[in-house]
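Single-letter residue listing:
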Amino acid sequence: MPRQKRPDPIYQRGDFKLFPARADRRNLEIIWYDADRGRERSSSAGTDCERQGRLKVDRLYKLSAEGQGFCPTCLRPHELDKATASSIYVAAAIADYLTGKLGEPAHSALQDRLGHVVEYLKVTNPHAAVTAVDEVWIAAFRMHELARPIVSPTGKERPRAPSTVENSVIALASAIRAATGQAPRFKPIPTTQVNRSPTYRADLQTLAAMFLYCLHPQPPMGAKWSEEKREREKLARSKLLQFLRISVATWCRPDAAYDFSTERSRRQWLPEGPAIALNPHGRRQTRKLRPIVPVPKQIVPVIELTKGPFIGVASVKSAWESMCAALDLPGEGEAGTKLIRRSVSTIARRRIGERDWVQGETMLGHRKASTSDIYALPDPAHLGLALAATEAIIDEIEALAPGAYTAGLPQTRANLSLVMGGKTG
């Protein structure tokens, strides 16, 4: 039987070519000529996604072009000698690291954290090699970053937290390790040692005030609004209202709230539960676990009316900061957007009790899946105490802020019968 002709490559970089998957395989295939062995070699791209396959080819080509040895199976570089490592720029290591993280959930956060390092390189030495980054270099970077306040879009300044700076140091260590195959010449400080966890928790009255801020906008002291202006403000705060609703109902982290969508392809809205899978289909779970949680009955009608993204914006931070100022909530990082998650779980913990608090840990994503969870999928209905506590909290918020979960829903009208003449015969 004649040999079947190989199809044209999807992508090529140097001698490395990306081909469609074979008939009996799912993943794309990378083929290149190995001059040392005098023959062609091949490796699975480890993905059926063309974009990810191209990134794998780029990585292989880069490693080959730099003369660095690599494992064709896992695509990780072998360790470099010191002379080779000293020729790798920090900026190049960061760029390659971010390229390799494209498509992963952490990419956006890593881009922000390493962006601070890139900015520091610009004002110090853009051509700094990875071997120059030692404890002294990192100490100077920490001092530089802590001296720069964080400025909001409205021009408001606040101090930069040490944990924020250390996250950049941790990301830089990972980038250098990926580029050289060696441990960096500095040790990041665990964020648990520099974090100052917020202690402020909002009570039910404060949570209700947040909903009232969205439902019934009020002009600043001494100002007057027309009805049109009031409606515009109400519309502008509608995204913040949705954020409050989903955050209270699921105890989720802000990024999970922004991600929630009823689109079928995401497989997040599970009406048969009813439940919500906080982790969209196809997104890899990270150490910040996004669980499947039961849905309080009060938010079900709101979800059923939603087509697509529940919030519809990437962030409500600006609206949140305006609300915090209007309600005089604490500053210094005490009242960030995680306040809802922290406050609702604190109120619920007192109601659930310590004996059954494992349900709260599951709701928060603090309980990691076990092997048995993989074989026998956990039922969100088993979080009954957590669900009951959440529904009770929502009822109390609704009593203090009517419309918190009902505003915007179709209003049902009672049937009326007209009696002619006011008498019945």
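Residues numbered from 1 in each chain as written. Predicted model: local features only at pLDDT ≥ 70, side-chain atom pairs only at ≥ 80, totals over all residues. Heavy atoms only, no water.

(A) Structural view of helix α13 (residues 317-327). Of the positions making up α13, those classed as buried are W320, M323 and C324. Along α13, the residues classed as buried sweep out an arc of 100° about the axis, all on the same side. More than 90 degrees from the buried face of α13, the exposed residues found are A325 and A326. With its phi angle positive at about 60°, D328 sits one or two positions after the end of α13. (Buried < 20%, exposed > 50% of the residue type's maximum accessible area, 1.4 Å probe, protein only. Helix = DSSP H or I, 4+ residues; strand = E, 2+ residues; numbered from the N terminus. Arc of directions from axis to C-beta.)

(B) Molecular detail of the side chain of Q242. Tracing the backbone through its elements, the reader meets Q242 in helix α10 (residues 238-250). By relative accessible area, Q242 is classed as buried at 13%. Among residues more than four places away in sequence, those in contact with Q242 are V302, T306, F310 and I311. (Contact = heavy atoms within 4.5 Å.)

(C) Summary view of the pairing of strand β4 (residues 39-44). When strand β3 (residues 29-34) meets β4, the two strands line up antiparallel, connected through 6 bridges. Residue I30 lies in a different strand from β4, and its bridge partner there is S43. A loop of 4 residues connects β3 with β4, the two strands running antiparallel in sequence, and G38 in this loop sits at a positive phi of about 70°. (Pairing = 2+ DSSP bridges.)

(D) Just helix α3 (residues 90-100), in detail. Buried within α3 we find V90, A93, I94, Y97 and L98. Down the axis, α3 shows its buried residues gathered within 125° of arc, on one side only. Buried residues in α3 make contact with α4 (107-123) and α6 (162-180).

(E) Geometry of the packing of aromatic side chains. For the structure shown, the criterion picks out 9 aromatic pairs. When the centroid spacing of 6.1 Å and the interplanar angle of 80° are considered together, the rings of F243 and W320 count as edge-to-face. Of this pair, F243 sits in helix α10 while W320 sits in helix α13; the two residues are 77 residues apart in sequence, bridging distant segments of the chain. Residue F243 shares its accessibility class with W320, and that shared class is buried. Where W251 meets W357, the ring centres are 6.1 Å apart and the plane angle is 20°; that geometry is what we call stacked. You can see W251 sitting in the loop between α10 and α11 (254-259) and its partner W357 sitting in the loop between α14 (339-352) and α15 (358-364), a full 106 residues away along the chain. Owing to a relative accessible area of 7%, W357 belongs among the buried residues under this scheme. In textbook terms, an aromatic cluster arises when at least three aromatic residues are bridged by ring pairs, as seen for Y120, W137 and F141. Directly above the aromatic system of F19 lies the positively charged group of R6, at a separation of 5.3 Å from the ring centroid. A cation over an aromatic ring shows up here: R237 above the ring of Y213, its NZ or CZ 3.8 Å from the ring centre. (Phe/Tyr/Trp six-rings, centres within 6.5 Å; stacked < 30°, edge-to-face > 60°. Lys NZ or Arg CZ within 6 Å of the ring centre and 35° of its normal.)

(F) Region of interest: the pattern of salt bridges. Counting across every chain of the model gives 19 salt bridges. Residue E50 is joined to R54 by a salt bridge in which the shortest nitrogen-to-oxygen separation is 3.1 Å. In this pair, E50 and R54 both sit in helix α1 (residues 50-65), 4 residues apart, roughly one turn of the helix. Accessibility expressed as a relative area gives 38% for E50, which makes it partly exposed. Residues R237 and E233 are paired through a salt bridge, measuring 3.3 Å at the closest nitrogen-oxygen approach. (Salt bridge = Lys/Arg side-chain N within 4 Å of Asp/Glu carboxyl O.)

(G) Molecular detail of unusual backbone geometry. Residue P274 is reached from G273 by a cis peptide bond, and omega for that bond is -10°. As for its placement among the helices and strands, P274 is situated in the loop between β7 (269-270) and β8 (275-277). The residue W251 is not glycine, and still its phi comes out positive at about 60°. On the basis of relative accessible area, W251 is assigned to the buried category, the value being 0%. Positive phi, normally seen in glycine, also occurs at D328, with a value near 60°. Inspection of the secondary structure assignment puts D328 in the loop between α13 and α14.

(H) Representation of the sheet that holds β4. Read across the sheet, 4 strands follow the order β1-β2-β3-β4 without closing on themselves; strand pairing throughout is antiparallel. The open sheet has two edge strands with one neighbour each: β1 (11-13) and β4. This sheet shows a mean twist of 20° between the axes of neighbouring strands, independent of strand direction. (Axes fitted to C-alpha atoms, helices over the stretch in contact; angles between N-to-C directions.)

(I) Examining the pairing of β3 more closely. For β3, the buried fraction is high: 5 of the 6 residues fall into the buried class. When strand β2 (residues 16-19) meets β3, the two strands line up antiparallel, connected through 3 bridges. Residue pairing across strands places K17 opposite I31, the latter belonging to β3.

(J) View of the packing of α10 against α13. α13 packs onto α10 with a crossing angle of 85° between their chain directions and a minimal axis gap of 9 Å. Here α13 runs roughly perpendicular to α10, going by the angle between their axes. Contacts between α10 and α13 involve L240, F243 and L244 on the former and, on the latter, A319, W320 and M323. Taken together, the residues of the contact of α10 with α13 break down into 6 nonpolar, no polar and no charged. (Parallel < 35°, antiparallel > 145°, perpendicular 65-115°, else oblique. Nonpolar A, V, L, I, M, F, W, Y, C, P; charged D, E, K, R; others polar.)

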